[in-house]
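# Coordinate inspection notes
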Amino acid sequence: MNCPHPSKRRFGTKAAAEQCMFAMWRNVRRQKLVSRVYLCQCGVWHMTKRSYWEIEPGETHGNA
């Protein structure tokens, strides 16, 4: 399946995506931080700056 976000970083597991997100939080700069990870319809995990109530295009429900 094609990914609706081919330019986003891809992670094979939720744990790997969260580990990267936490590392970004530790090295905070003057930028909007990634707020969460989600499972994409293509089967990989992505990070997003959107809040929990804003659904990413291609996000699967109940798995973020």
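Residues numbered from 1 in each chain as written. Predicted model: local features only at pLDDT ≥ 70, side-chain atom pairs only at ≥ 80, totals over all residues. Heavy atoms only, no water.

## Re the overall build of the protein
Broken down by element type, the protein carries 1 helix and 2 strands. Each helix and strand of the protein, ordered N terminal to C terminal, gives the series α-β-β. Over its C-alpha trace the protein gives a radius of gyration of 11 Å, about what one expects of a compact globule, namely 11 Å for 64 residues. Overall, the protein is about 35 × 25 × 20 Å in size when its C-alpha atoms are taken along their principal axes. Counting the 64 residues in the protein, one finds 34% classified as buried. Taking the contacts inside the protein whose residues are at least 6 apart along the sequence as the reference set, 41% of them involve residues at least 24 apart. Side-chain charges of the protein comprise 11 positive and 4 negative groups, with the mean position of each set lying 9 Å from the other. (Helix = DSSP H or I, 4+ residues; strand = E, 2+ residues; numbered from the N terminus. Rg over C-alpha atoms; globule rule 2.2 N^0.38 Å. Buried < 20%, exposed > 50% of the residue type's maximum accessible area, 1.4 Å probe, protein only. Contact = heavy atoms within 4.5 Å. Lys, Arg positive; Asp, Glu negative; His and termini not counted. Charge placed at Lys NZ, Arg CZ, Asp CG, Glu CD.)

## A word on the side chain of histidine 5
As for its placement among the helices and strands, histidine 5 is situated in the segment before α1 (14-26). Histidine 5 has contacts with Tyr38, His46, Glu56 and Pro57, leaving out every residue within four places of it along the chain.

## Re the side chain of histidine 46
Relative to the helices and strands, histidine 46 is located in strand β2 (residues 45-48). Of note is the side chain of histidine 46, whose polar atom sits 2.8 Å from the backbone oxygen of arginine 9. Those residues in contact with histidine 46 that lie beyond four places of it in its chain are Cys3, His5, Lys8, Arg9, Arg10, Arg36, Val37, Tyr38 and Cys40. (Polar contact = N/O pair within 3.5 Å; in protein donor to acceptor, adjacent residues only side chain to side chain.)

## Some words on α1
Taking 1.5 Å per residue as the helical rise, α1 with its 13 residues ought to reach 18 Å, and the 18 Å between its terminal C-alpha atoms agrees with that figure. Along α1, the residues that are buried comprise Ala17, Cys20 and Met21. Mapping the buried residues of α1 onto a view down its axis gives an arc of 100°, with all of them on the same face. Turned more than 90 degrees away from the buried face of α1, the exposed residues are Ala15, Gln19 and Arg26. Looking at the buried side of α1, the elements it contacts are β1 (36-39) and β2. (Expected span 1.5 Å × (residues − 1). Arc of directions from axis to C-beta.)

## Quick notes on the pairing of β2
Side chains Trp45 and Met47 of β2 all project onto a buried face; the interleaved residues His46 and Thr48 project onto the opposite face, where all are buried too. As paired strands, β1 and β2 are joined by 4 bridges and run antiparallel to one another. The partner of arginine 36 across the bridge, within β2, is threonine 48. The turn linking β1 back onto β2 is made up of 5 residues, and glycine 43 within it adopts a positive phi angle of 100°. (Pairing = 2+ DSSP bridges.)

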